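Fold and contact review
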Amino acid sequence: MTAAEFESRLEAAAELAVQIASGDLQARLPLTGEGDHIDAVVAALNMLAEELQHERSSRRRAEELLQDELDGYEHAPALFCSFDAQSLTVEKCNQTLAAALGCSKPAILGRSVLALYAEDQRGSAERTLRKLAPGASLELGDWELLQADGSRLMVSGSATFVRGADARERVRIVWRDVTKERSLEAQLLETQKLEAIGRLCGGVAHDFNNILAVISGAASLTRDLLAEQHLDQEDMVLVQQAVDRGAALVNDLLAFSRRQVVKPVATNVRAITDEAARMVSRLVGTQIQVLTDIEDAALTVVIDPSQLSQVLINLAINARDAMPGGGTLRLSARRAEVRRTAAGHSSPPLPERVQLAPGAYVLIEVSDTGSGMSPGVLARAFEPFFTTKPVGSGSGLGLSMCYGIIQQAGGRIGIESQQGRGTTVYVYLPRSGRSTRPPADLEQPSKAGGNRETLLLVEDELAVCNVTRRILERAGYRVLIADNGAAALDVVTRCEGQIALVVTDISMPGMGGQELGAELRQRWPRLEVLYLSGYSPQSLGDDVSGEKVAFLGKPFTSKALLDKIRSVLERSGGRA
């Protein structure tokens, strides 16, 4: 190799080194195959260029992945923030957290993480976060964050204590918004609680109705005896009045448990609302202005009219009590069409804790400008016997009774209230196209006396059985007794053709009244049955809720019982 060739190769190697140093990692120089020191240098430079090119590509891919990760973190569904473990100052957060709190990222960064929490939880939050040790993670459970408008956001998540490359200690929190989830859980728990209380109230009311039936029946017998001897009946009148008050209280319990005896008919909402408004105007005094706003005079729902009136009056009285200094009470009614959106939500949005199937409804609103309710009171508003009124000023059954009545009618009731801003109660009832003309009364009472017809009385409560038997025998009937359905079938089988009517309680151990009635219809289709119960026929099923089924609610007076029996016997001709 000549000196010129050697110099040329050396210059080429130097040029390659300059290109690589300037960032041109595509530059390469072929080897001559001489195997000398220059070829060794060129080979080393080529290898260096390849390694630097590979490193650049790897770094570029890492940067792209990091950017993708940052973009995902910024708009991820989870709420994220990172803060200094000592000062608790927020250093990073994502846009999702800022959007959930209704503010910008700069409004969060540089502040203490404790400022994100609701004020009453900041002390507990600080104690929890400072428990974290380096490298540890902690499930945080449920907390409430404070949104920019003052409302609260329920979140649940976890925190992790990390030490960065700069040796600084930080805590990273990942939350998820559980506000709707917890609201649904609370609705479910409240529904289950109300259902459990409703079953308890229904059972207590049923037993108490049996007691009232004995008292009422005995009082009726005593009044009849006193009347025959022309003696003073005033004491028995007082007893009957006490029974009526007890029955009213039981009806409140049954209304809550949706087992109250009702007579639903097509009811004009405007007529009931106007009547309630006139009555309320006399109750609330001159300091409260009562306004009505009925969208359509033809709005119709299927409900017991007296119950709808009772609901409106109860709600109005509650509104009056919330406005001791005066204010405005408004009763309004309008059409409401409930639909489901693609996301599964109701349209239009419903009040909190009100769940409705899609369909046509009548929305009745009772609103006031009173003191409103605190969140704690609002959460318990429908609980029976819960009241904020002084002792002796209320039973605590008003709203729970309204709840039961509306549920029994197939509707829903909800409340929205804020302290100092008044209260609005929303009542949704299915809209009906039926005529509001009440159905004709099929059972016109006739004379109450018997003609020695044989009746079978089926009753497991001995006291109720005894007093009812005495009423019937005194009226001229021959009475056979059975204490359950199976025993009743044996009696009818032995006395086939003699029994004119079976009078049976519905709730009995073993074979109850409904099963007995079904068996009697199958074996003796022409034998009439009169059902007795403290529950409504609607709550007991199709067997006893039809228009042609004879039913009498407990407690009853002797006249009501005898009139009902006579009407059933005359309808059937007394044939078995």
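Keep in mind the model is a prediction, meaning the values are calculated, not measured.

1. Here's the deal with the packing of aromatic side chains
- Enumeration over the complete set of coordinates arrives at 3 aromatic pairs.
- Measuring from ring centre to ring centre gives 6.0 Å for Tyr-117 and Trp-175, while their planes differ by 80 degrees; the resulting arrangement is edge-to-face. In this pair, Tyr-117 sits in the loop between α3 (95–101) and α4 (122–129) while Trp-175 sits in strand β5 (residues 169–177), placing the two residues 58 residues apart along the sequence.
- For Tyr-117, a relative accessible area of 1% puts it in the buried group.
- Their ring planes at 85 degrees and their centres at 6.5 Å tell us that Tyr-361 and Tyr-428 sit as a pair that is edge-to-face. Linking Tyr-361 in strand β11 (residues 359–368) with Tyr-428 in strand β13 (residues 423–430), this pair joins segments that are 67 residues apart in sequence. By the burial criterion, Tyr-361 is buried, and Tyr-428 matches it.

2. Points about helix α1 (residues 3–21)
- For α1, with 19 residues, the first-to-last C-alpha span of 27 Å sits near the 27 Å given by 1.5 Å per residue.
- Phi for Gly-23, located one or two positions after α1, is positive at around 105 degrees.

3. Observations concerning the environment of Val-284
- Its place among the elements puts Val-284 in helix α7 (residues 269–284).
- When near neighbours in sequence (up to four residues on either side) are disregarded, Val-284 contacts Val-290 and Arg-320.

4. Here's the deal with the pairing of strand β1 (residues 79–84)
- Counting buried residues in β1 gives 6 out of 6 residues, a clear majority hidden from the surface.
- Pairing of β1 with β5, which is carried by 6 bridges, proceeds in the antiparallel orientation. Bridging across to β5, Asp-84 finds its partner in Arg-170.
- Here β1 runs beside strand β2 (residues 90–93); their pairing, made up of 3 bridges, is antiparallel. Bridging across to β2, Cys-81 finds its partner in Cys-93.
- Between β1 and β2, which pair antiparallel one after the other, the connecting turn spans 5 residues, and Leu-88 there sits at a positive phi close to 65 degrees.

5. A short note on the confidence of the model for the protein
- In this model, the protein carries an average pLDDT of 79, and 81% of its residues clear a pLDDT of 70 or more.
- When mean pLDDT is compared element by element in the protein, strand β14 (residues 454–458) scores highest at 93, while helix α14 (residues 542–545) scores lowest at 52.
- The low-confidence segment residues 390–396 (pLDDT under 50) makes 7 contacts with residues lying over four places distant or belonging to another chain.
- Every residue in residues 437–447 is under pLDDT 50, and counting partners more than four places away or in other chains gives 11 contacts.

6. Brief notes about the sheet that holds strand β4 (residues 152–163)
- The antiparallel open sheet is built from 5 strands, whose spatial order is β2-β1-β5-β4-β3. Each edge of the sheet is formed by a strand with only one pairing partner; in this case those strands are β2 and β3 (137–146). Taking the axes of each pair of neighbouring strands and ignoring which way they run, one obtains an average angle of 25 degrees across the sheet.
- Across 9 bridges, β4 lies against β5 in antiparallel orientation. When the bridges of β5 are listed, Ser-158 appears paired with Val-174.

7. With respect to the sheet that holds β14
- What the 5 strands build is an open sheet, ordered β15-β14-β16-β17-β18; its pairing is parallel. Here the strands that pair on one side only, and so sit at the sheet edges, are β15 (478–482) and β18 (550–553). Between one strand axis and the next, the sheet turns by 20 degrees as a mean value, whatever way the strands run.
- Relative to β15, β14 runs parallel, the two sharing 5 bridges.

8. Topic: the nonpolar core
- The biggest cluster of nonpolar side chains holds 38 residues, and the ones touching the most others in it are Leu-315, Leu-329, Ile-364, Ile-413, Val-427 and Leu-429.
- Broken down by element, this core gets its largest block of residues, 7 residues, from helix α8 (residues 305–321).
- Setting aside its immediate chain neighbours within four residues, Ile-413 contacts Val-354, Phe-382, Cys-402, Tyr-403, Ile-406, Val-425, Tyr-426 and Val-427.
- Core analysis: the next-biggest nonpolar cluster, separate from the first, contains 29 residues, Cys-81, Leu-88, Leu-114 and Ile-173 among them.

9. Some details on the pattern of salt bridges
- Tallied over the full model, the rule gives 21 salt bridges.
- In this structure, the salt-bridge partner of Arg-431 is Glu-337, at a minimum N-O distance of 2.5 Å. Of this pair, Arg-431 sits in the loop between β13 and β14 while Glu-337 sits in strand β9 (residues 327–340); the two residues are 94 residues apart in sequence, bridging distant segments of the chain.
- The class for Glu-337 is partly exposed, based on a relative accessible area of 36%.
- Residue Arg-523 is joined to Glu-519 by a salt bridge in which the shortest nitrogen-to-oxygen separation is 3.0 Å. Of this pair, Arg-523 and Glu-519 both sit in helix α13 (residues 513–523), 4 residues apart, which is roughly one turn of that helix.
- Judged by relative accessible area, Glu-519 falls into the partly exposed class, the value being 23%.
- Ionic contacts of the salt-bridge type, sharing partners, join the residues Asp-84, Glu-91, Arg-168 and Arg-170 into one network.

10. Looking at α13
- Of all the positions in α13, only Gly-513, Leu-516, Gly-517 and Leu-520 are classed as buried. Considered in projection along α13, the buried side chains sweep an arc of 100 degrees and stay on one side of the axis.
- In this fold, the buried residues of α13 make contact with β14, α12 (485–494), β16 (499–505) and β17 (528–533).

11. A word on the packing of α12 against α13
- Closest axis-to-axis distance for the α12/α13 pair is 10 Å, and the angle between their directions is 25 degrees. When the axis of α12 is compared with that of α13, the two are roughly parallel. When the axes of α12 and α13 are compared, the crossing they make is right-handed. Taking contact as the criterion, the partners of Gly-485, Ala-488, Leu-489, Val-492 and Thr-493 in α12 are, on α13, Leu-516, Glu-519, Leu-520 and Arg-523.
- Among the residues forming the contact of α12 with α13, the class breakdown is 5 nonpolar, 2 polar and 2 charged.

12. Focus on the environment of Ser-158
- Positionally, Ser-158 belongs in strand β4.
- Residue classification places Ser-158 among the partly exposed positions, given a relative accessible area of 24%.
- Counting along the chain gives 17 residues from Ser-158 to Gly-141, while the straight-line C-alpha distance between them is 7.6 Å.
- In contact with Ser-158, not counting residues within four places along its chain, are Leu-138, Glu-139, Leu-140, Arg-172, Ile-173 and Val-174.

13. Points about the pairing of β13
- With 7 of 8 residues buried, β13 lies mostly within the body of the structure.
- The hairpin formed by strand β12 (residues 412–417) and β13 contains 5 residues between the paired strands, and Gly-420 there has a positive phi angle of roughly 85 degrees.

The rules behind the values
- Each chain carries its own residue numbering, running from 1 in the written order of its sequence.
- Where local features are concerned, this predicted model is filtered to residues with pLDDT of at least 70; where side-chain atom pairs are given and counted, the filter is 80 or more; whole-chain, interface and lining totals use all residues.
- Heavy atoms from the whole structure form the basis of all side-chain values; hydrogens and water molecules are not counted.
- Working definition: rings of Phe, Tyr and Trp (its six-membered ring) pair if their centres are within 6.5 Å, and the pair is stacked with planes under 30 degrees apart, edge-to-face with planes over 60 apart, and tilted otherwise.
- Under the DSSP-based scheme used, a helix requires at least four consecutive residues in state H or I and a strand at least two consecutive residues in state E, with every element numbered from the N terminus.
- For every residue, the accessible area obtained with a 1.4 Å probe (protein chains only) is divided by the maximum for its type, and the residue is called buried under 20%, exposed over 50%, and partly exposed between those limits.
- A helix is expected to span 1.5 Å multiplied by its residue count minus one.
- Two residues qualify as a contact provided that any one of their heavy atoms is within 4.5 Å of a heavy atom in the partner residue.
- Whether two strands pair comes down to DSSP finding at least two bridges between them.
- The predictor reports its confidence for every residue as pLDDT, a score running from 0 up to 100.
- Throughout, an axis means a line fitted to C-alpha atoms (over the contacting stretch in the case of helices), and angles, computed between N-to-C directions, take values from 0 to 180 degrees.
- In this description, a nonpolar core means a group of buried Ala, Val, Leu, Ile, Met, Phe, Trp, Tyr and Cys residues linked to one another through side-chain atoms lying within 4.5 Å.
- Any carboxyl oxygen of Asp or Glu within 4 Å of a side-chain nitrogen of Lys or Arg constitutes a salt bridge here.
- What the arc describes is the spread of directions from the helix axis to the C-beta atoms.
- If an angle is under 35 degrees, it is roughly parallel; if it is over 145, roughly antiparallel; if it lies from 65 to 115, roughly perpendicular; otherwise it is oblique.
- Crossings are classed by handedness, with left-handed meaning an anticlockwise turn of the near helix from the far one by less than a right angle and right-handed meaning a clockwise turn.
- Basically, the charged four are Asp, Glu, Lys and Arg, the nonpolar ten are Ala, Val, Leu, Ile, Met, Phe, Trp, Tyr, Cys and Pro, and anything else, Gly included, counts as polar.

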